[in-house]
Amino acid sequence: MIQELFTIDGLDAIRITICIVMLVIASIMDVRKREISDWVWVSALIAGVLASVLAPPHMRYDELLLTYMLSISLTVPLAYIAYIKGLFGGADAKALIVISILVPSYGMHYSIHGIPALTVLTNASLLTLTNVLHNVLRNVTAILKGKDIFKGFDEPLYKKVLAFMMGYVARPKGYLFALEEVKDGKRVLNLAPKADSEFVEHNDEIWVTQALPFIIYIAIGFVLMLLVGDLIAYTINLFLSNK
C-alpha cells in the first residue's frame, strides 16, 4: 500500500502533497496557538489551482465536473452542519472543504461511497474512539483503587455511563474540556462541551474530557485514506473475510 503512494503521478500527486503539507502545518499551528490562519487554506487552494493549470487532468472534463460536484456538494453542507452544531471547529470544516476541492477522487483500497473528504471525516471520527478506551481504562483503574468517581453527583445512570466513556476525573490543566458545571450549588454533568469551549484549569478534581485538536485526527485520517481507504469498509471486509 505504501509503495503505491510513490506510483501516483501528475496532478493527483501534487494535490495530495499540498493537502498533506496543509494538514501538517494546520496541526502544528492548532497545537501551539489553538488558532489556524485562513492563509493555510487559501494558500493550499491557490497551489491546487496552479497545479491544475500546469498539469492536465487524467479525466474527461465532464467526468471531472461530476466528480467535483459530488465531492463538494456532499462535503460542504455536512461540514457546515457539524460546525454550527459545535461538533468541531471552523478550521476543521475548512480543512474538509479544501480536501473535497483538491482531492475530489482517489482510488481507495476500501471504500463505501468513494468520496475522499467524507472518508477522511469518518476515519478521523473513528480515531477519536481511542479516547473512549483510554477513559474507560482510567476510570476502571480509579474505581479499583477505591475512588468514588461520582461523589457529589446525583445523576441518572445513563449520564454516568456516558461520562464514564467520555471523560475521567482529574485536576485539569492543558487541552481539556470540563464535563461538569455547578447549577444551583450542585455539581451536574455537562456531556456536550462545544468545540470552541474554553480549556479548563482547576485546583480540584473534576470531570474532564480530552480536547486534542480534531485537525490532528483529520491529518491522520487523510493518510489512512491514502494507505487503506475507509476504515469502516476495511473493518467490514475484514469481518466478512474471516467468516
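Quick summary incoming for the structure in this document. Numbers given to residues run from 1 along each chain, matching the order in which its sequence is written. The predicted origin of the model limits local features to residues at a pLDDT of at least 70 and limits the giving and counting of side-chain atom pairs to 80 or more, whereas totals for whole chains, interfaces and linings rest on all residues. Only hydrogens and water are removed before side-chain values are computed, so all heavy atoms of the structure are retained for them.

Take the overall build of the protein chain next. Per the secondary structure count, the protein chain includes ten helices and five strands. Taking all contacts inside the protein chain whose residues are at least 6 apart in sequence as the whole, residues at least 24 apart take part in 75%. A total accessible area of about 14100 Å² is found for the protein chain, and carbon and sulfur atoms account for 65% of it. A run of H or I in DSSP counts as a helix once it spans at least four residues, and a run of E counts as a strand once it spans at least two, with each numbered from the N terminus. Residues are treated as being in contact if the distance between any of their heavy atoms lies within 4.5 Å. We get accessible surface area from the Shrake-Rupley algorithm with a probe of 1.4 Å; when it comes to residues, only the shown protein chains can shield them.

Right, let's talk about the environment of Ile72 for a bit. Mapping Ile72 onto the fold places it in helix α4 (residues 61-84). Given a relative accessible area of 28%, Ile72 falls into the partly exposed group. Think of it in three bands: residues with accessible area under 20% of the maximum for their type are buried, residues over 50% are exposed, and the middle band is partly exposed, with areas taken using a 1.4 Å probe on protein chains only.

Residues qualify for a patch when their relative accessible area is over 30% and they have no salt bridge, like charges being joined within 9 Å and the nonpolar side chains of Val, Leu, Ile, Met, Phe, Trp and Tyr within 5 Å. A pairing counts as a salt bridge when a side-chain nitrogen of Lys or Arg comes within 4 Å of a carboxyl oxygen of Asp or Glu. Together, Ile112, Leu126, Leu129, Ile232, Ile236, Phe239 and Leu240 give the surface a local cluster of nonpolar side chains, amounting to about 650 Å² of exposed area. Per-element accounting of the nonpolar patch gives the leading share, four residues, to helix α10 (residues 231-241). With respect to the helices and strands, Leu240 occurs in helix α10.

Turning our attention to the pairing of strand β4 (residues 186-189). What makes two strands pair is DSSP finding at least two bridges between them. Here strand β3 (residues 180-183) runs beside β4; their pairing, made up of four bridges, is antiparallel. Within β4, the residue paired with Lys183 across the bridge is Lys186. Taking the residues that link successive antiparallel strands as the turn, the β3-β4 hairpin has two residues, and the phi of Asp184 there is positive, at about 55 degrees.

Further remarks concern the sheet that holds strand β1 (residues 168-170). One open sheet holds the three strands; their spatial order is β1-β5-β2, and the pairing between them is antiparallel. The open sheet is flanked by β1 and β2 (176-178), the only strands paired with a single partner. On average, each strand axis in the sheet is tilted by 55 degrees relative to the strand beside it, whichever way the strands run. Note that β2 and strand β5 (residues 206-210) share three bridges and pair antiparallel. Opposite Phe177, over in β5, you have Thr209 as the bridge partner. Angles run from 0 to 180 degrees between N-to-C directions of axes, and those axes are lines fitted to C-alpha atoms, restricted for helices to the stretch in contact. Lying over the sheet, helix α7 (residues 130-144) contacts β1 and β5, oriented at roughly 65 degrees with respect to β1.

The next point concerns helix α9 (residues 214-227). Helix length check: α9, at 14 residues, gives a terminal C-alpha distance of 20 Å against a target of 20 Å (1.5 Å per residue), a fit within 8%. α9 sits mainly inside the fold: ten of its 14 residues count as buried. The set of residues buried in α9 consists of Phe214, Ile215, Tyr217, Ile218, Ala219, Gly221, Phe222, Met225, Leu226 and Leu227. The span expected for a helix works out to 1.5 Å for each residue beyond the first.

Here Ser27 is to be found in helix α2 (residues 10-33). Relative accessible area serves as the criterion here: at 10%, Ser27 is assigned to the buried category. Apart from the residues lying within four places of it in its own chain, the contact partners of Ser27 are Ile215, Ile216 and Ala219.

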